[in-house]
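Working through the structure, step by step
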Amino acid sequence: MKPVIVTGTDTGVGKTVFAAGLTAALGASYWKPVQAGLEDATDSEVVAALSGRPTLPEAYRLKLPASPHLAAEAEGLRIDPARLALPQVKGRLVVEGAGGVMVPLTREISYLDMFARWGAPVILVARTALGTINHTALSLAALRGAGCPALGVAFMGAPEPEVEDSIAQICDVRHLGRIGPLAPLDPQSLARTFEAIDLPAIEAAL
């Protein structure tokens, strides 16, 4: 059973919320390889609260909320890709990257390199806001150029059907659905909204 990778077009696009909904919907475990920033709730803590599913320990927990390579350097560390091998779990596994596709883990290796090494299907989470067509197209081009199987794009935000359809057509990518703004954000509201996501398409790739 293949794991599935969740990445985004940028920081703050909502990929942790999407990853939580996906983890719950698949009855999966969740893993965030590198957590950068420990002052607020970590992504693993957010996913655990929203999904009620097991979360695996991060390979690195870094204090500085910054790019992983900078957060590691601030502590006199260098991220070792060998520590980022996909963990073995029973059942399905959702793996969440950090920031966007090209976020560096060291000054030589990015998350994109790890995605290619892992070889698992990738879901790209994108905003619906202005600028998303360019960001999404660039992210998909990077994934495909590295040989990563792009499963599809999931949108976060207010509905923008023309923008969403343009991305699907221009980039020749599956539209996996959209999660709108959630207030309050809790397990129940996320589960209801996640019904709009094309879960059968995701499951078929796993």
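In this text, all values refer to a predicted model and were calculated from it rather than measured experimentally.

The rules behind these values
- Residues numbered from 1 in each chain as written.
- Predicted model: local features only at pLDDT ≥ 70, side-chain atom pairs only at ≥ 80, totals over all residues.
- Heavy atoms only, no water.
- Helix = DSSP H or I, 4+ residues; strand = E, 2+ residues; numbered from the N terminus.
- Rg over C-alpha atoms; globule rule 2.2 N^0.38 Å.
- Buried < 20%, exposed > 50% of the residue type's maximum accessible area, 1.4 Å probe, protein only.
- Areas by Shrake-Rupley, 256 points an atom, 1.4 Å probe, with all protein chains shown as cover.
- Lys, Arg positive; Asp, Glu negative; His and termini not counted.
- Charge placed at Lys NZ, Arg CZ, Asp CG, Glu CD.
- Core = buried A, V, L, I, M, F, W, Y, C linked by side-chain atoms within 4.5 Å.
- Contact = heavy atoms within 4.5 Å.
- UniProt positions renumbered as here; feature names shortened; annotations may be inferred.
- 1 Å grid on protein atoms, 1.4 Å probe; cavity = no way out; pocket = protein on both sides within 12 Å on 5 of 7 lines; lining within 4 Å.
- Expected span 1.5 Å × (residues − 1).
- Arc of directions from axis to C-beta.
- Axes fitted to C-alpha atoms, helices over the stretch in contact; angles between N-to-C directions.
- Parallel < 35°, antiparallel > 145°, perpendicular 65-115°, else oblique.
- Left-handed = near helix turned anticlockwise from the far one by under 90°.
- Nonpolar A, V, L, I, M, F, W, Y, C, P; charged D, E, K, R; others polar.
- Salt bridge = Lys/Arg side-chain N within 4 Å of Asp/Glu carboxyl O.

The next subject is the overall build of the protein. When its secondary structure is counted, the protein shows 8 helices and 8 strands. Compactness check: the protein gives a C-alpha radius of gyration of 16 Å against a globular reference of 17 Å for 206 residues, within 12% of the reference. Overall, the C-alpha framework of the protein stretches about 45 × 35 × 30 Å when taken along its three principal axes. Buried positions account for 50% of the 206 residues belonging to the protein. Total accessible area computed for the protein in this model is approximately 9400 Å², and 53% of it derives from carbon and sulfur atoms. Charge centroids of the protein, computed over 17 positive and 21 negative side chains, lie 6 Å from each other.

What follows deals with the nonpolar core. Nonpolar side chains in soluble globular proteins generally cluster together in the buried interior. Membership of the largest hydrophobic core comes to 35 residues, with the highest contact counts inside it found for Val-34, Ile-79, Leu-84, Tyr-111 and Trp-118. Those elements that provide at least two residues to this core are strand S4 (60-62), helix H3 (68-74), strand S5 (93-100), helix H4 (111-118), strand S6 (122-127), helix H5 (132-145) and strand S7 (150-156). By residue number, the principal contributor to this core is H4, which donates 5 residues. When near neighbours in sequence (up to four residues on either side) are disregarded, Val-34 contacts Tyr-60, Leu-62, Pro-68, Ile-79, Leu-84, Leu-105 and Tyr-111. Core analysis: the next-biggest nonpolar cluster, separate from the first, contains 28 residues, Leu-50, Leu-190, Leu-199 and Ala-201 among them.

As recorded in UniProt, the sites labelled "binding site: ATP" (unreviewed entry) are Gly-12, Val-13, Gly-14, Lys-15, Thr-16, Val-17, Asp-43, Glu-96, Gly-97, Ala-98 and Gly-99. Taken along the chain, the residues just named run across 88 residues; in space they keep tight, none of their C-alpha pairs more than 13.3 Å apart. As for the annotated residues, the ones lining the largest pocket are Gly-12, Val-13, Gly-14, Lys-15, Thr-16, Asp-43, Glu-96, Ala-98 and Gly-99. Following the sequence through the fold, Gly-12 ends up in the loop between strand S1 (4-8) and helix H1 (15-26).

For H5, with 14 residues, the first-to-last C-alpha span of 19 Å sits near the 20 Å given by 1.5 Å per residue. Residues of H5 that are buried include every one of Thr-132, Thr-136, Ser-139, Leu-140 and Leu-143, and no others. The buried residues of H5 occupy one face: seen down the axis, they fall within an arc of 100°. Within H5, the exposed residues directed more than 90 degrees away from the buried face are Leu-138 and Gly-145. Looking at the buried residues of H5, the elements they touch are S1, H4, S6, S7 and helix H6 (161-170). Just past H5, the residue Gly-147 takes up positive phi, approximately 80°.

This part takes up the packing of H5 against H6. Where H5 contacts H6, the two axes come as close as 10 Å, and the packing angle between them is 25°. By the angle between their directions, the pair H5 and H6 is classed as roughly parallel. Of the two possible hands of crossing, H5 and H6 adopt the one that is right-handed. Within the contact between the two elements, H5 uses Thr-132, Ile-133 and Thr-136 and H6 uses Val-163, Ser-166 and Ile-167. Of the residues assigned to the contact of H5 with H6, the class counts are 3 nonpolar, 3 polar and no charged.

The subject of this paragraph is H1. Compared with an ideal rise of 1.5 Å per residue, which puts 12 residues at 16 Å, H1 spans 16 Å between its outermost C-alpha atoms and is within 8% of the ideal. Lys-15, Thr-16, Val-17, Phe-18, Ala-19, Ala-20, Gly-21, Leu-22, Thr-23 and Leu-26 are the residues of H1 that are buried.

Another aspect to go through is the pattern of salt bridges. Counted by the stated rule, this structure contains 9 salt bridges. With a shortest N-O distance of 3.3 Å, Arg-61 and Glu-58 are connected by a salt bridge. Judged by relative accessible area, which is 44%, Arg-61 ranks as partly exposed. Taken together, the shared-partner salt bridges in this structure form one network comprising Lys-32, Asp-43 and Glu-96.

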